[in-house]
Amino acid sequence: VQLQASGGGLVQPGCSLRLSCVTSGGAFSMRVLGWFRQNPGKEREFVGCISEDGTRTYYADSVQGRFTISRDNFKNTLYLQMNTLKPEDTAVYYCAARRLGKGTTLSREEYDYWGQGTQVTVSS
């Protein structure tokens, strides 16, 4: 399974940005997907995840109410809509996928496939 994240950039505080993650390798609609982020010298942290059919989503407290995860199972694409961005949201954002048959989880160790990351910088 290959994942390719895109959409990062430099934005001002309060602005919005949408990240995309295109996947290939099969069975997209049968996989739990997640977003994580990481800053230099820090652990990669959970942002949110979404169930196979998109009906269930879970978020970190720090982004709840500002970020929205969605997926298009026809386009094999995962999205992360980020609104009201803050400087503390600055990080490299990674998309990830679980093996088939595995449920939603907040634990990065339980994701099996990772994209290359896209940089998001929130600064005035």
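So, here is what we can say about the structure in this document.

1. Here we look at the environment of Gly101
Item 1. Locating Gly101 in the fold gives a position in the loop between strand 9 (91-97) and strand 10 (113-114).
Item 2. Residues Gly101 and Leu33, spaced 68 residues apart in sequence, show a C-alpha to C-alpha distance of 12 Å.

2. So, unusual backbone geometry
Item 1. Positive phi is not limited to glycine here, since Asn76 has a value of about 55 degrees.
Item 2. One non-glycine residue with positive phi stands out, namely Thr84, at about 50 degrees.
Item 3. Relative to the elements of secondary structure, Thr84 occurs in the loop between strand 8 (77-82) and strand 9.
Item 4. We classify Thr84 as partly exposed; its relative accessible area is 46%.

3. Considering the packing of aromatic side chains
Item 1. If you walk through the whole model with that rule in mind, you get four aromatic pairs.
Item 2. Considering the side-chain rings of Phe36 and Tyr111, the 5.1 Å spacing of their centres and the 75 degrees angle between planes classify their relative orientation as edge-to-face. Of the two residues, Phe36 is situated in strand 4 (residues 33-38) and Tyr111 in the loop between strand 9 and strand 10; the sequence distance between them amounts to 75 residues. Just as Phe36 is buried, Tyr111 falls in that class too.
Item 3. Three or more aromatic residues joined by ring pairs form one cluster here, namely Phe36, Phe46, Tyr111 and Trp114.
Item 4. In this structure, Arg71 is placed above the aromatic ring of Phe28, and the distance from its NZ or CZ to the ring centre is 4.7 Å.

4. Let's talk about the side chain of Arg31
Item 1. With respect to the secondary-structure elements, Arg31 resides in the loop between strand 3 (17-24) and strand 4.
Item 2. Of the buried charged residues, Arg31 lacks a salt bridge, with Asp112 as the closest side chain of opposite charge at 6.5 Å.
Item 3. Within the structure, Arg31 has its side chain in polar contact with the backbone oxygen of Arg98 (distance 3.0 Å).

5. Some thoughts on the pairing of strand 5 (residues 45-50)
Item 1. For strand 5, a buried count of five out of six residues is recorded, marking the element as mostly surrounded by other parts of the structure.
Item 2. Summarising the sheet, strand 4 and strand 5 pair through five bridges and their orientation is antiparallel. Across the sheet, the residue bridging to Leu33 is Ile50, located in strand 5.
Item 3. Here strand 4 folds back onto strand 5, and the loop between the two strands holds six residues, one of which, Gly41, carries a positive phi near 80 degrees.

6. Remarks on the pairing of strand 3
Item 1. Inspection of the sheet shows strand 1 (residues 2-6) paired to strand 3 by five bridges, in the antiparallel sense. Bridged to Gln4 within strand 3 is Val22.
Item 2. Of the pairings in the sheet, the one linking strand 3 to strand 8 comprises six bridges and is antiparallel in character. When the sheet's bridge partners are listed, Leu17 is paired in strand 8 with Met82.

What counts and how
- Residues numbered from 1 in each chain as written.
- Predicted model: local features only at pLDDT ≥ 70, side-chain atom pairs only at ≥ 80, totals over all residues.
- Heavy atoms only, no water.
- Helix = DSSP H or I, 4+ residues; strand = E, 2+ residues; numbered from the N terminus.
- Buried < 20%, exposed > 50% of the residue type's maximum accessible area, 1.4 Å probe, protein only.
- Phe/Tyr/Trp six-rings, centres within 6.5 Å; stacked < 30°, edge-to-face > 60°.
- Lys NZ or Arg CZ within 6 Å of the ring centre and 35° of its normal.
- Lys, Arg positive; Asp, Glu negative; His and termini not counted.
- Salt bridge = Lys/Arg side-chain N within 4 Å of Asp/Glu carboxyl O.
- Polar contact = N/O pair within 3.5 Å; in protein donor to acceptor, adjacent residues only side chain to side chain.
- Pairing = 2+ DSSP bridges.

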